[in-house]
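# Overview (structure and organization)
Next come the chains, spelled out residue by residue.
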Amino acid sequence: MTERTIDRAAADTLRQAREAVAREAWAEAFRLLGALDPAFLTPDDRAAFADAAWWTSRVEESVVQRTRAYSGYVAADAARQAGHSAWLLFYEHQLAGRSAVAAGWLRRARRHLRDEPECVEQCYLVWVDAEDAQRRGAFDEAMTAARHMASIARRRGSPDLLAMGVQAQAGVLVAQGRVSEGLGLLDEAMCSAMAGELSSFFTGWVYCLGLQQSMACVDLERAAEWTDAAMRWCAAMPAENNFRGLCRVHRVEVLELRGSWDEALTEAERTCEELLPYERRMAAEAVYLVGQIQRRRGELTAAEQSYDRAHELGRDPQPGLALLRWPRARPTRRPRPCGSPPRTAPRPAVSHGAGCSRPGWRSAWRWAGRPRHARRPKSFGHWPGTGSGGADRRRP
């Protein structure tokens, strides 16, 4: 159905909705698109609807609209747009923990894009290849894929995906232990975001991944600098968008790791209060961080309540809750009579080349003292999306 077959009022609403999308006025776009009969929407309109839903923190609605956009592109035999939409659905389902569904969408994305001439949408598939190779420890293969991704993006004129390709290379170098080289490349990618060279979504994504990498490397000064830059960018964004919450949570993590517990606690509580009405996932992360700070300050009852609240909001309360309860669960031994021999030979404080002698101490320190993202790095970061079929516009 085209605009010529709908009434004038609906056509005017659709025009206003498309103008709102072009201005990235996402709340307005979501309202206007939601008021229209779905039959009036093209696949590009549905993709824009998915973007508007994502930017206003309606992630599940975003998935629904993205799926409808994908079906429309398939019906129109638009392979590139269908492949891109399939990749976005793979990513969203992967983040939600639906691995089998995600794998199915990834296979569809590969099928749609396999026989296409070189195009920017293929960067996403190469990115997955780089991630898979890095996870397997095949660093040469991962670096080759990351460089190939950057080359495609450069040839196809996508600064967004070029920045992500550079960041993928940085991730491989850091994983190899070449931290200085990796963080140098990371700074290069972050500068492209700071200079306003990227679209809104990729600006947020680059900031988010850069902060994760900095904290994973325990480079707190670098993380603090980039957090301040990200917070300035977020201040200009709508209050309900996902990246605003992410920036606030990263700021709390940096403050916590630097030992500024009072400031971190105040920031975390304010973040939770602001995010809870529209973004439960990030609010849950803020509540969890409150529990972490309370546990380290010895406020154990309050910490347990915070972990329970984070769990209610959908955040796994581990490892914080386990670390809270661990000292309580340790068995007590009856004291030996004075002068009696020890039950076992004493252990050295540090074993030869094997780290700490107490099993679990090193892992307990690692879980308790490092940011959540350092525990199992995910170079893909946090949430994607795109609109109007474009591969490098508002979402990936």
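Just above sits the structure.
Residues numbered from 1 in each chain as written. Predicted model: local features only at pLDDT ≥ 70, side-chain atom pairs only at ≥ 80, totals over all residues. Heavy atoms only, no water.

Another point: the overall build of the protein chain. Each helix and strand counted, the protein chain has 19 helices and two strands in total. The proportion of buried residues among the 396 residues of the protein chain is 51%. Of the contacts made within the protein chain by residues no fewer than 6 positions apart, 61% connect residues no fewer than 24 positions apart. Of the roughly 19000 Å² of accessible surface on the protein chain, 51% is carried by carbon and sulfur atoms. (Helix = DSSP H or I, 4+ residues; strand = E, 2+ residues; numbered from the N terminus. Buried < 20%, exposed > 50% of the residue type's maximum accessible area, 1.4 Å probe, protein only. Contact = heavy atoms within 4.5 Å. Areas by Shrake-Rupley, 256 points an atom, 1.4 Å probe, with all protein chains shown as cover.)

It is worth spelling out the pattern of salt bridges at this point. Between side chains of opposite charge, a pair can form when the charged atoms approach closely. Under the definition given, this model contains 24 salt bridges. The closest approach of N and O atoms between Arg 251 and Glu 263, which form a salt bridge, is 3.1 Å. On the criterion of sequence distance, the pair formed by Arg 251 in helix 13 (residues 242-257) and Glu 263 in helix 14 (residues 261-275) is long-range, its members being 12 residues apart. Judged by its relative accessible area of 41%, Glu 263 falls in the partly exposed class. (Salt bridge = Lys/Arg side-chain N within 4 Å of Asp/Glu carboxyl O.)

The next thing to look at is the packing of aromatic side chains. This structure, assessed with the given rule, holds 17 aromatic pairs. Consider the rings of Trp 87 and Tyr 91, whose centres lie 5.4 Å apart with planes at 10°: the pair is stacked. A residue pair is termed a helical-turn pair when its members lie 3 or 4 positions apart in one helix, as Trp 87 and Tyr 91 do in helix 5 (residues 79-95) at four residues. For the pair formed by Trp 87 and Tyr 91, the shared burial category is buried. Centroid distance Trp 87 to Tyr 124: 4.8 Å. Interplanar angle 40°. Geometry classified as tilted. (Phe/Tyr/Trp six-rings, centres within 6.5 Å; stacked < 30°, edge-to-face > 60°.)

This brings us to the nonpolar core. Counting 106 residues, the largest nonpolar core has Trp 87 and Trp 205 as its most contacted members. With nine residues, helix 15 (residues 280-296) is the largest single contributor of residues to this core. Ranked by size, the runner-up nonpolar core spans five residues in total, among them Ala 133, Ala 142, Met 143 and Val 172. (Core = buried A, V, L, I, M, F, W, Y, C linked by side-chain atoms within 4.5 Å.)

The subject of this paragraph is helix 1 (residues 8-22). Under the 1.5 Å per step criterion, the end-to-end length of helix 1 is 21 Å for 15 residues, consistent within 8% with the ideal 21 Å. For helix 1, every residue scored as buried is listed here: Ala 10, Ala 11, Leu 14, Ala 17, Ala 20 and Val 21. Tucked into the core, helix 1 has its buried residues touching helix 2 (26-34) and helix 3 (43-55). A positive phi of about 60° marks Glu 24, the residue just after helix 1. (Expected span 1.5 Å × (residues − 1).)

Now for the state of the cysteines. Considering all chains together, one arrives at zero disulfides under this definition. Note on Cys 119: no disulfide assigned, nearest cysteine sulfur contributed by Cys 123 at a separation of 8.3 Å. (Disulfide = S-S within 2.5 Å.)

Before going further, it helps to examine unusual backbone geometry. In this chain, Gln 318 is followed by Pro 319 through a cis amide linkage whose omega measures 5°. With respect to the helices, strands and loops of the structure, Pro 319 is situated in the loop between helix 16 (300-312) and helix 17 (320-329). Even without glycine at this site, Ser 57 takes up a positive phi of about 65°. Within the secondary structure, Ser 57 is located in the loop between helix 3 and helix 4 (59-75). The phi angle at Asp 77 is positive, at roughly 60°, despite the residue not being glycine. With respect to the helices, strands and loops of the structure, Asp 77 is situated in the loop between helix 4 and helix 5.

Its 15 residues place the ends of helix 6 (residues 99-113) 21 Å apart at the C-alpha level, agreeing with the 21 Å of an ideal helix rising 1.5 Å per residue. Inspection of helix 6 places Ala 102, Trp 105, Leu 106, Ala 109, His 112 and Leu 113 among the buried residues, and these make up the whole buried set. Each buried residue of helix 6 lies within a common arc of 125° when the element is viewed along its axis, so the set occupies one face. Summarising the geometry of helix 6, the exposed residues directed more than 90 degrees from the buried face are Ala 100 and Arg 107. Looking at the buried positions of helix 6, the neighbouring elements they touch are helix 4, helix 5 and helix 7 (122-135). (Arc of directions from axis to C-beta.)

This next bit is on the environment of Leu 276. With respect to the secondary-structure elements, Leu 276 resides in the loop between helix 14 and helix 15. Residue Leu 276 is classed as partly exposed on the basis of its relative accessible area of 29%.

Before going further, it helps to examine the side chain of Ser 306. In this fold, Ser 306 is placed in helix 16. In this view, Ser 306 contacts Val 287, Val 290, Gly 291 and Gln 294; residues no more than four positions away in its chain are not counted.

In the contact formed by helix 14 and helix 15, the axes pass within 8 Å of each other and the chain directions differ by 155°. Taken as axis vectors, helix 14 and helix 15 run roughly antiparallel relative to one another. For the crossing formed where helix 14 meets helix 15, the hand is left-handed. Residues Trp 261, Ala 264, Leu 265, Ala 268, Glu 269, Thr 271, Cys 272 and Leu 275 of helix 14 lie in contact with helix 15, whose contacting residues are Arg 280, Met 282, Ala 283, Ala 286, Val 287, Val 290, Ile 293 and Arg 296. Among the residues making up the contact of helix 14 with helix 15, the classes are represented as 12 nonpolar, one polar and three charged. (Axes fitted to C-alpha atoms, helices over the stretch in contact; angles between N-to-C directions. Parallel < 35°, antiparallel > 145°, perpendicular 65-115°, else oblique. Left-handed = near helix turned anticlockwise from the far one by under 90°. Nonpolar A, V, L, I, M, F, W, Y, C, P; charged D, E, K, R; others polar.)

Relative orientation of the contacting elements helix 5 and helix 7 amounts to 35°, with a least axis distance of 9 Å. Of the residues in helix 7, those touching helix 5 at His 84, Trp 87 and Phe 90 are Tyr 124, Leu 125, Trp 127 and Val 128. Of the residues assigned to the contact of helix 5 with helix 7, the class counts are six nonpolar, one polar and no charged.

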